[in-house]
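Here are the chains, one letter per residue:
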Amino acid sequence: MLDTAKTRWHPIAAAYDLHFRHVFHAQLLGREFAVWRADDGYINVWENRCLHRGVRLSIGINDGRELKCQYHGWRYSNRTAGCTYIPAHPADAPARTITNRTFAAVERYGLVWSAEEPQGEVPNVPGLAEGNLLTLRGIPVNAPADVVAAKLRGYRFQPSGRIDGAAADVSVEASNAFSVALRATEGHASTLLVFFVQPVDSNRSVIRGVLDGQPQDRERIAVLRHHNELLSKLREAVEREAAAAPAPAPLEPVIERVSPELAEMPEATAHGRKATIRVEVARKWRAADGIAGFELRPIKGLLPTFQPGAHIDVHMPNGLIRQYSIINGPGESGTYVIGVKLERDSTGGSTCMHETVRAGDVLAISEPRNNFPLRRDAVETIFVAGGIGITPLLAMAQTLKNQNLAYDLHYFAQDEAQLAFPERTKELGDALKPHLGLSPDETGVKLREILATCRPDMHLYLCGPGPMLQAARRIAAELGWPETAVHFEYFKNTNKIDDSSSFEVALARSCVTLKVPAGKTILEVMREAGVDMPSSCEQGACGTCLATVIEGEPDHQDVYLNDAEKKSGTKIMTCVSRAKSARLVLDL
């Protein structure tokens with residue numbers, strides 16, 4: 001019987017077990033679950049173990065958006081169970097493979113249902129009307145589920161309207177190995193009671209009962225007490241019977257390895273940029289003057305976990321590919337929200353998104369990648385956004401707000417109408433500091449004022465137009481901010497690229513030496529040679545095609561690396577940078 005139980009839906013908790021920001025410890029067929037309801041109402045059923053040291057997540061912290069392990073503070077996202085933060089590596093975005101195992105969840109009849117390998121739907125019980133039910137307290141029993149179900153067929157009780165009586169006629173309306181439906185009738189009073197038996201292990205079960213109707217006040221208390229007393233007596237009888245029989249061997253659940261879907265890389269496209277996810281434009285709206293907001297919903301399944309600062313490649317109907325930051329707050333994993341500014345000198349990307357793409361359209365996107373990760377170990381964080389540069393910083397600010405960490409978000413724009421996503425920024429309260437209509441000189445003065453205080457363990461995040469970022473980085477350096485505390489992201493590389501040089505590039509781990517002629521990039525030459533190298537913007541701004549330099553002198557033409565990283569000569573952006581030496585050796 002238990003061999004087929006894995007494919008059946010079973011109740012694993014009552015709806016009232018999922019208190020506000022609580023984590024419930026459930027069990028089914030020998031497997032432990034961490035069950036929690038997020039603030040958006042979504043019910044998560046996960047393997048009850050942190051992927052770090054196997055500590056039970058049922059003793060973790062549910063903040064309404066993420067679940068935090070109590071041991072070393074690993075955080076996992078609502079819906080996807082993907083890891084969003086590892087305190088021991090605060091400057092890194094966790095790998096996509098760090099995702100807990102999830103199980104299906106359905107809330108019905110006041111119970112939460114799940115299964116290891118569910119087939120079909122949760123049982124439909126005639127006579128049980130949603131919203132007009134009374135869920136009884138779960139009764140744990142040290143006995144096999146089939147023994148408990150057999151005993152429940154003889155359960156005798158009074159209908160809810162005649163609790164004080166003693167002559168009710170009780171009939172069995174339906175039964176199977178894991179459930180029994182009984183009806184008690186006395187006079188004009190009639191009550192349907194359905195028992196579902198949750199097989200916790202081979203020799204442990206939980207009786208979960210549901211009554212039709214909702215008695216109120218004192219009558220409700222009397223009904224609950226009536227069944228609690230009767231079921232407690234039934235439990236004693238069942239456990240005596242089970243104790244006299246040989247104990248079955250306990251069930252041993254299999255802890256699965258990372259799924260192939262997560263562990264394997266998708267096939268490369270001709271241009272090396274992968275668009276493995278199909279999404280529907282669920283909503284398109286005016287987020288500010290010249291900025292359109294897009295909500296992207298997956299065609300099937302769940303979207304991959306992302307961390308604040310992440311972006312996606314959007315493959316457009318006109319064949320162009322553009323990168324847009326995800327602005328979601330923590331735990332908002334059902335859809336991706338992005339903002340697109342209509343550029344005056346658009347080469348077709350923003351124009352297509354604004355004028356062609358509509359709600360209901362299907363787009364291809366890449367998995368999120370994060371080359372602009374947020375540290376959450378700062379004593380204080382300062383965000384400086386210019387225009388559309390608000391998008392990655394808004395996701396970061398929402399994350400710090402959710403964790404009650406200190407931050408300020410300084411938002412520069414021409415006027416109030418250009419402040420994007422006001423429905424989100426207003427939730428930041430006094431941490432939001434708008435600066436409107438400032439000239440370049442006035443912006444410099446304001447930046448100097450914002451950055452005047454630099455203390456150890458403070459971090460600065462910058463995103464916006466190139467000139468503003470250059471000014472902010474210069475001022476920060478003048479005021480003593482260490483380069484390791486200044487993080488920035490350019491939306492495009494405004495440097496004039498000089499591709500007139502030719503040189504050799506040796507790929508040490510591939511044992512390949514390639515000639516890079518004038519007019520071609522290292523990235524293009526590697527692709528032509530069959531070397532798969534991830535990329536995204538391909539203009540030296542996002543950091544996706546970063547490679548380690550073993551030997552040679554790079555000619556840096558990107559805007560991703562900071563000055564110290566460029567001086568070290570140990571990194572190179574293969575999409576735009578070249579070589580000053582005749583030969584480069586890369587760790588590829």
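Our structure is the block above this text.
What counts, and where the lines are drawn
Residues numbered from 1 in each chain as written. Predicted model: local features only at pLDDT ≥ 70, side-chain atom pairs only at ≥ 80, totals over all residues. Heavy atoms only, no water. Helix = DSSP H or I, 4+ residues; strand = E, 2+ residues; numbered from the N terminus. Buried < 20%, exposed > 50% of the residue type's maximum accessible area, 1.4 Å probe, protein only. Contact = heavy atoms within 4.5 Å. Areas by Shrake-Rupley, 256 points an atom, 1.4 Å probe, with all protein chains shown as cover. Pairing = 2+ DSSP bridges. Axes fitted to C-alpha atoms, helices over the stretch in contact; angles between N-to-C directions. Phe/Tyr/Trp six-rings, centres within 6.5 Å; stacked < 30°, edge-to-face > 60°. Lys NZ or Arg CZ within 6 Å of the ring centre and 35° of its normal. Salt bridge = Lys/Arg side-chain N within 4 Å of Asp/Glu carboxyl O. Core = buried A, V, L, I, M, F, W, Y, C linked by side-chain atoms within 4.5 Å. Parallel < 35°, antiparallel > 145°, perpendicular 65-115°, else oblique. Left-handed = near helix turned anticlockwise from the far one by under 90°. Expected span 1.5 Å × (residues − 1). Polar contact = N/O pair within 3.5 Å; in protein donor to acceptor, adjacent residues only side chain to side chain.

(A) The overall build of the chain, seen in detail. For the chain, the helix and strand inventory stands at 11 helices and 35 strands. Among the 588 residues that make up the chain, the fraction classed as buried is 51%. For the chain, the proportion of contacts with a sequence separation of at least 24, taken over those separated by at least 6, is 65%. Here the chain displays about 26,700 Å² of accessible surface, and carbon together with sulfur accounts for 49% of that area.

(B) Up close: the sheet that holds strand S24 (residues 380–386). Strands sit in the order S26-S25-S24-S27-S28 across an open sheet of 5 strands; the sheet is parallel. The sheet terminates laterally at strand S26 (432–436) and strand S28 (486–490), the two strands that pair on one side only. In this sheet, adjacent strand axes meet at a mean angle of 15° when their direction is disregarded. Where helix H8 (residues 440–450) meets the sheet, it contacts S24, strand S25 (407–413) and S26, and its direction lies at approximately 180° from that of S25. Each of S24, S25, strand S27 (458–464) and S28 is contacted by helix H9 (residues 466–478), which is oriented at about 170° to S28, the strand it contacts most.

(C) Spotlight on the packing of aromatic side chains. Evaluation of the coordinates by the stated rule reveals 13 aromatic pairs. Centroid distance Phe 33 to Phe 103: 4.9 Å. Interplanar angle 80°. Geometry classified as edge-to-face. Here the residue Phe 33 occupies a position in strand S3 (residues 31–37), and Phe 103 occupies one in strand S9 (residues 102–103), the gap between them amounting to 70 residues. You'll find Phe 33 and Phe 103 in the same group, each marked buried. For Arg 283, the ring lying beneath its charged end belongs to Trp 285, and the centroid distance is 3.7 Å. Positioned above the aromatic ring of Phe 488 is the side chain of Arg 473, whose terminal nitrogen or guanidinium carbon lies 3.9 Å from the ring centre.

(D) Structural context of the pattern of salt bridges. Counted according to the given criterion, the structure contains 31 salt bridges. Among the ionic pairs, Glu 295 bridges to Arg 283, the shortest N-O distance being 3.4 Å. Here Glu 295, found in strand S19 (residues 291–298), pairs with Arg 283, found in strand S18 (residues 277–288); they are 12 residues apart in sequence, far enough to count as distant. Overall, Glu 295 belongs to the buried group, its relative accessible area being 18%. The exposure class assigned to Arg 283 is partly exposed, which follows from its relative accessible area of 39%. Here Asp 563 makes a salt bridge to Arg 473, at a shortest N to O gap of 3.8 Å. With Asp 563 in helix H11 (residues 563–568) and Arg 473 in helix H9, this pair connects stretches of sequence that are 90 residues apart. Residue classification places Asp 563 among the partly exposed positions, given a relative accessible area of 40%. Each of the salt bridges in this network shares a partner with another, and the network as a whole consists of Asp 63, Glu 66, Arg 75 and Arg 376.

(E) Main features of the nonpolar core. If you look at the biggest cluster of nonpolar residues, it comprises 41 residues, and the most contacted ones within it are Val 35, Leu 152, Phe 195 and Ile 207. Here this core takes 5 residues from helix H3 (residues 217–243), the largest share from any one element. Not counting chain neighbours up to four residues away, the residues in contact with Val 35 comprise Ile 12, Leu 18, His 22, Val 23, Phe 24, Ala 26, Ile 43, Asn 44 and Val 45. Among the nonpolar cores identified, the runner-up in size contains 29 residues, and Ala 287, Ala 288, Met 396 and Tyr 407 belong to it.

(F) The packing of H8 against H9, seen in detail. Where H8 meets H9, the closest approach of the two axes is 10 Å, and the angle between their N-to-C directions is 40°. What the angle tells us is that H8 and H9 run oblique. Remark: the crossing between H8 and H9 carries right-handed chirality. Of the residues in H9, those in contact with Gly 444, Leu 447 and Arg 448 of H8 are Met 468, Ala 472, Ile 475 and Glu 478.

(G) Quick look at the pairing of strand S35 (residues 583–586). In terms of strand pairing, strand S29 (residues 503–507) meets S35 through 4 bridges, oriented parallel. Within S35, the position partnered with Glu 504 by the bridge is Arg 583. Note that strand S31 (residues 546–551) and S35 share 2 bridges and pair antiparallel. Bridging from a neighbouring strand, Glu 551 pairs with Val 585 of S35.

(H) A look at H3. The terminal C-alpha atoms of H3 lie 39 Å apart, and with 27 residues this matches the ideal 39 Å at 1.5 Å per residue to within 8%. The set of residues buried in H3 consists of Val 223, His 226, His 227, Leu 231, Ser 232, Leu 234, Val 238 and Ala 242. Elements in contact with the buried residues of H3: strand S12 (133–135), strand S13 (139–141), helix H2 (145–152), strand S16 (189–201) and strand S17 (204–212).

(I) The arrangement of the side chain of Arg 376 in detail. Following the sequence through the fold, Arg 376 ends up in the loop between strand S23 (362–365) and S24. At a separation of 2.5 Å, a polar atom in the side chain of Arg 376 contacts the side chain of Gln 403. Filtering out sequence-adjacent residues up to four positions away, Arg 376 remains in contact with Glu 66, Arg 75, Thr 84, Tyr 85, Pro 308, Thr 399, Leu 400, Gln 403 and Leu 405.

(J) The sheet that holds S29, seen in detail. Spatially, the 5 strands line up as an open sheet ordered S30-S29-S35-S31-S33, and their pairing is mixed. Bordering the open sheet on either side are strand S30 (512–516) and strand S33 (571–573), each of which pairs with just one other strand. In this sheet, neighbouring strand axes are inclined to one another by 40° on average, regardless of whether the strands run parallel or antiparallel.

(K) The arrangement of helix H6 (residues 390–402) in detail. The end-to-end C-alpha separation of H6 is 18 Å, in line with the 18 Å expected for 13 residues at 1.5 Å each. Among the residues of H6, those classed as buried are Ile 390, Thr 391, Pro 392, Leu 393, Leu 394, Ala 395, Met 396, Ala 397, Gln 398, Thr 399, Leu 400 and Asn 402. Where H6 terminates, the next one or two residues include Asn 404, which has phi positive at roughly 55°.

(L) How the structure looks around the pairing of strand S11 (residues 111–114). Of the two faces of S11, the one carrying Leu 111 and Trp 113 and the one carrying Val 112 and Ser 114 are both buried. With 4 bridges connecting them, strand S1 (residues 10–14) and S11 associate as antiparallel partners. Looking across to S11, one finds that Ala 13 is bridged to Val 112. Looking at chain direction, strand S10 (residues 106–108) and S11 are connected through 3 bridges and run antiparallel.

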